[in-house]
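Chain and residue survey
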Amino acid sequence: AQSVAQPEDQVNVAEGNPLTVKCTYSVSGNPYLFWYVQYPNRGLQFLLKYITGDNLVKGSYGFEAEFNKSQTSFHLKKPSALVSDSALYFCAVRDIKGGGNKLTFGTGTQLKVEL
Amino acid sequence: GAVVSQHPSWVICKSGTSVKIECRSLDFQATTMFWYRQFPKQSLMLMATSNEGSKATYEQGVEKDKFLINHASLTLSTLTVTSAHPEDSSFYICSASSSMGQGRYEQYFGPGTRLTVT
């Protein structure tokens, strides 16, 4: 079964500092990986995805993620955090077996950016 | 593009009653819709997958007679929570995807519905 793990329940960062939200994956075959952000009482917003190609993926709102096959990781990064980035972040993997597109989500990481 | 709406955004109902939640794809045809449930400070749990015109496929442990899903058109799916109980109180999120077009198979999420059963 495919899965992703987010080892940190919460990450605290000062505004202006770089941020990293960690994600590791376990899949059979090539991984299709995603990052989503959720603000309180809202649905999920897509940030970025990795399907194939460059290991560094650029996404919305200045976020990027680095795919590392040897470490089976897909960490989310941003060079300079903003207070408005404070939200819940989910890593997800798509199950493409049989042509499907079910997503399995990690447990989420609460990002708190402080002044 | 790829906008998904949900209605209502929040609902309060009495124990024993049923409540219907709508999920609409506003600018694309959703061949597949997904329903998730999210408890506070927890991840999304997939409840079921529905393909237009077909019966929904429920995940293990989800009661199909309690959570009725209908996907009668390419732009609308509904989730009906029957005989609701306080433990059904949760945040319900739908997503939609299409098998056509450039963004095919991507999931686009609705804003969620907060259900409180009293």
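Residues numbered from 1 in each chain as written. Chains lettered and ligands numbered in written order. Predicted model: local features only at pLDDT ≥ 70, side-chain atom pairs only at ≥ 80, totals over all residues. Heavy atoms only, no water.

Time to look at the layout of surface pockets. Taken as a whole, the largest pocket encloses approximately 410 Å³ of empty space. As for the largest pocket, its lining consists of 17 residues, and the residues nearest its centre are A:Leu88, A:Gln110, B:Pro40, B:Lys41 and B:Gln42. Of the residues contributing to the lining of the largest pocket, the split by class is seven nonpolar, seven polar and three charged. In this model, the second largest pocket occupies a volume close to 230 Å³. (1 Å grid on protein atoms, 1.4 Å probe; cavity = no way out; pocket = protein on both sides within 12 Å on 5 of 7 lines; lining within 4 Å. Points joined across faces, edges and corners; volume = space filled by probe spheres on them. Nonpolar A, V, L, I, M, F, W, Y, C, P; charged D, E, K, R; others polar.)

Facing 18 residues of chain A, the contacting portion of chain B comprises 20 residues. For the pair chain A and chain B, the summed buried area comes to about 1,500 Å², and 48% of that belongs to carbon and sulfur atoms. For the salt bridge of A:Lys102 with B:Glu59, the shortest nitrogen-to-oxygen distance reads 3.0 Å. Taken together, the links from chain A to chain B amount to six residue pairs in polar contact (both at pLDDT 80 or more). At the level of elements, β5 (33-38), β6 (44-50), β10 (87-95) and β11 (102-105) of chain A are the ones that each hand at least two residues to the side of chain A that touches chain B. For the side of chain A that touches chain B, the per-class residue count stands at seven nonpolar, seven polar and four charged. (Contact = heavy atoms within 4.5 Å. Buried area = accessible area lost by both parts, 1.4 Å probe. Salt bridge = Lys/Arg side-chain N within 4 Å of Asp/Glu carboxyl O. Polar contact = N/O pair within 3.5 Å; in protein donor to acceptor, adjacent residues only side chain to side chain. Helix = DSSP H or I, 4+ residues; strand = E, 2+ residues; numbered from the N terminus.)

One can find B:Ser43 in the loop between β4 (32-38) and β5 (44-51). Given a relative accessible area of 17%, B:Ser43 falls into the buried group. Only 2.5 Å separates the side chain of B:Ser43 from the backbone oxygen of A:Gly106, close enough to count as a polar contact. Residues within four places of B:Ser43 in sequence aside, it is in contact with A:Phe90, A:Phe105, A:Gly106, A:Thr107, B:Arg37 and B:Gln38. (Buried < 20%, exposed > 50% of the residue type's maximum accessible area, 1.4 Å probe, protein only.)

Turning to the sheet that holds strand β3 (residues 19-25) of chain B, a few remarks are in order. Residues and elements named next belong to chain B. Taken together, four strands build an open sheet; the order of strands is β1-β3-β8-β7 and the sheet is antiparallel. Every interior strand has two partners, whereas the edge strands, β1 (4-7) and β7 (67-73), have only one. Here the average twist between neighbouring strands, direction ignored, is 15°. Relative to strand β8 (residues 76-81), β7 runs antiparallel, the two sharing five bridges. Across the sheet, residue Ile69 finds its bridge partner in β8, namely Leu79. (Pairing = 2+ DSSP bridges. Axes fitted to C-alpha atoms, helices over the stretch in contact; angles between N-to-C directions.)

Turning our eyes to something else, we now look at the state of the cysteines. Residues and elements named next belong to chain A. Across all of its chains, the model carries two disulfides over all chains by this definition. Note on cysteine connectivity: Cys23 is disulfide-linked to Cys91, with sulfurs 2.0 Å apart. Between Cys23 and Cys91, the S-S dihedral sits near -60°, and the bridge is therefore left-handed. With Cys23 in the loop between β3 (19-21) and β4 (24-26) and Cys91 in strand β10, this pair connects stretches of sequence that are 68 residues apart. The pair Cys23 / Cys91 is uniform in exposure class, with both members buried. (Disulfide = S-S within 2.5 Å.)

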